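Each chain is listed here by its residues.
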Amino acid sequence: MKQILLYFLFMFFVFITHGNSDSTREKYKVIIIGAGISGIGAATHLLKNNFSDIAILEASNRLGGRVYTAPFGDFLIEYGAQWVHGQDSNVVYEIAQPHNFFYVQALDFKNSFVKHSDSKVNLSVVNNWLFDEALGLFYNTDDLISCNCSMEDYFDNKFEELIKKKNVDEYTAQAVADHAKKSQGVHDGTDNLEEEGSWGNSQFIIINGSFTVAWKTGYHSFIDILMGKYEGKELPIIQKTKFNKVVQTINWKGNEVELICEDGTHYFADHIIVTVSLGVLKFSAKTMFNPPLPGNKLIAIESLGFDIVDKIFIQFETRWWPMNFEYMINFLWTNEDKQRFKNESKYGGWGTEIIGFHFVENQPRILEGWVIGETAYLLETLSDDEIIGAVMEVLNWFVGNEYTFSQPINITRSAWASNPFVRGSYSFRTVKSDRLEFTSADIIAEPLSFNQTNPVILFAGEASHNKYFSTVHGALETGWREAKRILNFYLHL
Ligand SMILES: Cc1cc2nc3c(=O)[nH]c(=O)nc-3n(C[C@H](O)[C@H](O)[C@H](O)COP(=O)(O)OP(=O)(O)OC[C@H]3O[C@@H](n4cnc5c(N)ncnc54)[C@H](O)[C@@H]3O)c2cc1C
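Cut-offs used in this document
- Residues numbered from 1 in each chain as written.
- Predicted model: local features only at pLDDT ≥ 70, side-chain atom pairs only at ≥ 80, totals over all residues.
- Heavy atoms only, no water.
- Pairing = 2+ DSSP bridges.
- Helix = DSSP H or I, 4+ residues; strand = E, 2+ residues; numbered from the N terminus.
- Expected span 1.5 Å × (residues − 1).
- Phe/Tyr/Trp six-rings, centres within 6.5 Å; stacked < 30°, edge-to-face > 60°.
- Buried < 20%, exposed > 50% of the residue type's maximum accessible area, 1.4 Å probe, protein only.
- Lys NZ or Arg CZ within 6 Å of the ring centre and 35° of its normal.
- Salt bridge = Lys/Arg side-chain N within 4 Å of Asp/Glu carboxyl O.
- Lys, Arg positive; Asp, Glu negative; His and termini not counted.
- Contact = heavy atoms within 4.5 Å.
- pLDDT = per-residue confidence, 0-100.
- Near = heavy atom within 4 Å.
- Polar contact = N/O pair within 3.5 Å; in protein donor to acceptor, adjacent residues only side chain to side chain.
- Disulfide = S-S within 2.5 Å.

1. Description of the sheet that holds strand β18 (residues 363-372)
- The six strands lie next to each other as β7-β16-β17-β18-β15-β19, forming an open sheet whose pairing is mixed. The open sheet is flanked by β7 (113-114) and β19 (410-413), the only strands paired with a single partner.
- Here strand β15 (residues 309-315) pairs with β18 via seven bridges, running antiparallel. Across the sheet, lysine 311 pairs through a bridge with tryptophan 370, a residue of β18.

Now the structure itself:
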């Protein structure tokens, strides 16, 4: 009897010290939360420097995060990152270029615009110079800095000056302003230019070279390159990654961190690198960390913008679009045209917000369209048939008289807002973050340290880059930055 009692006492002790029997208790020197490009970048840098006691906890069942190449149609599509933005000193370009993975192309809007046959837009003015000049307004760094206002106010004022000076008619001006704002919205990741800050936007550095360097075999090839697949010495990233591990709680005490996942598993580490998106931080930063994050970090997270950009891919039986459209078709809408379209639409008229379609490398039968902000949120709730219906309405409106096309045979779209492990597309700077006395990206990047010297909780991810935010090259540099921070700490012990 006494032995049975002792046994139960022992089992009770085991239970209260180790939690329930489902939980595992694993300890690592470094745990990286998230296997997007910043997480993989941090892991590969640590492994290359013989720092192998690491693990990656990834919420989804794949590597890459917002780099998401998938088979569709005749080849591959990119739900997320599509192009390498710039060549000179772009770390992605530099690493991948020797492997001959790229098509270097120039995105030229000239001659890509179409209008409804009855529209009052002067198409040749748009195609020849006005659109290029209008879009160029967004890139005058000095003016953006001195305006220190919303991107909406900035653009409206500059554009007004331009059309007055060049004597552009009202309808052409309306259509160009509408398209320029949408195109810039895709670039910046929002349809809310009133929220976007001109000063913060001026801090984004555009790298010289083509802005649309495309991958021959999908952006996913970059993950293979990072892992060393083409150098004959593949780093064990896949082996180090635990998939379907949604980190829910981060308990930090002294120089140890405990991570608790949604499935009840516990992990311990001396250092963690948090690489989750700004969208995830906005959603969970207040509840995830124990003790809570410092006030200025929460303000920085809240102040930056994280909106939504989505893509639609439509596959046709055969290519029907003309060869003289080299790369894309862009739609022009005056206010009057929009209203007329909406009155006739069977699908709520949201097709007016599809910016245009471009062609996809190695995909002769696919058109890729982009939508932003409110329309993207709507898109994510619609059925395939509703999307196809709206797309066909738009195509018929613009080019239905000229070309014959049959119903699409397949469709897919991204759904970045509904993805609980991303919750948006990419970060942008806001009027609010411009008004703070600190740079939000720098505050997000600041580690939480033990004894002021030992970085225990570190932060990476595109939003924490102060000049290459919203990009893959920015994400990669932040992963390296945090891996180096840990290596430096041990170097100076
Ligand atoms: C539609 C779209 C188009 C884009 N186009 C381009 C482009 O052409 N060129 C370009 O340079 N950039 C582009 N980008 C931006 C680029 O994709 C991102 O900047 C970059 O991939 C971000 O990498 P990251 O590591 O910072 O974050 P992420 O890729 O978001 O990685 C974070 C990882 O953390 C995981 N995670 C989240 N929560 C948890 C949790 N609780 N526990 C565990 N894991 C978690 C996620 O699943 C994810 O894998 C585009 C993005 C989108 C959405």
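2. So, helix α7 (residues 170-188)
- A rise of 1.5 Å per residue sets the reference length of α7, with its 19 residues, at 27 Å; its end C-alpha atoms lie 26 Å apart and thus fit the reference within 8%.
- Taken from the residues just after α7, glycine 189 is the one with a positive phi, measuring 90 degrees.

3. A word on the packing of aromatic side chains
- By the definition in use, this model includes 31 aromatic pairs.
- Ring plane angle 10 degrees and centroid distance 4.5 Å describe the contact between phenylalanine 331 and phenylalanine 398, whose orientation is recorded as stacked. In this pair, phenylalanine 331 is assigned in strand β16 (residues 328-331) and phenylalanine 398 in helix α15 (residues 384-399), connecting sequence segments 67 residues apart. Take phenylalanine 331 and phenylalanine 398: they sit in the same class, and that class is buried.
- Sitting over the ring of tyrosine 68, arginine 62 keeps its end group 3.7 Å from the ring centre.

4. Here's the deal with the pattern of salt bridges
- One pass over the structure, following the stated rule, counts 24 salt bridges.
- The residue lysine 245 makes a salt bridge to aspartate 263 at a minimum N-O spacing of 2.6 Å. Of this pair, lysine 245 sits in the loop between β9 (241-242) and β10 (247-253) while aspartate 263 sits in the loop between β11 (256-261) and β12 (266-274); the two residues are 18 residues apart in sequence, bridging distant segments of the chain.
- Lysine 245 sits in the buried class, given a relative accessible area of 12%.

5. Thoughts on the side chain of glutamate 58
- Position of glutamate 58 among the secondary structure elements: in the loop between β2 (54-57) and β3 (69-72).
- Buried within the structure, glutamate 58 lacks any salt-bridge partner; its nearest side chain of opposite charge belongs to arginine 62, at an N-O separation of 7.0 Å.
- In this structure glutamate 58 touches Gly34, Ala35, Gly36, Thr241, Lys242, Phe243, Asn244 and Lys245, once residues within four positions along its chain are discounted.

6. Quick look at the environment of leucine 395
- Here leucine 395 shows up in helix α15.
- Among the residues examined, leucine 395 registers a relative accessible area of 0% and is labelled buried.
- With 10 residues separating them in the primary sequence, leucine 395 and phenylalanine 405 have C-alpha atoms 9.3 Å apart.
- Here leucine 395 is in contact with Phe316, Trp320, Phe331, Phe357, Gly400 and Phe405, once residues within four sequence places are set aside.

7. Focus: the sheet that holds strand β5 (residues 83-84)
- The strand order β5-β8-β6 describes an open sheet built from three strands, whose pairing is antiparallel. A single partner strand is all that each edge strand has here, and the edge strands are β5 and β6 (102-103).
- Note: β6 against strand β8 (residues 213-215), two bridges, orientation antiparallel. Bridge pairing links phenylalanine 102 to tryptophan 215 in β8.

8. What about the confidence of the model for the protein?
- When pLDDT is averaged along the protein, the result is 93; 94% of the residues meet or exceed 70.
- Contacts from residues 1-23, a stretch scored under 50 in pLDDT, to residues over four places away or in other chains number six contacts.

9. Topic: the site of the ligand
- Taken together, 38 residues are adjacent to the ligand, and Ser38, Glu58, Arg66, Trp83 and Val472 come closest.
- One of the backbone nitrogen or oxygen atoms of isoleucine 37 is found 3.3 Å away from an oxygen atom of the ligand.
- Taking threonine 471, its main chain carries an N or O atom lying 3.1 Å from an oxygen atom of the ligand.
- Only α2 (37-48), α11 (278-288), β15 and α18 (472-491) provide two or more residues apiece to the shell around the ligand.

10. Structural notes on the state of the cysteines
- Per the stated rule, a full pass over the model turns up one disulfide.
- With a sulfur-sulfur separation of 2.0 Å, cysteine 147 is cross-linked through a disulfide to cysteine 149. Given an S-S torsion of about 100 degrees, the disulfide between cysteine 147 and cysteine 149 has right-handed geometry.
- On the basis of relative accessible area, cysteine 147 is assigned to the partly exposed category, the value being 29%.

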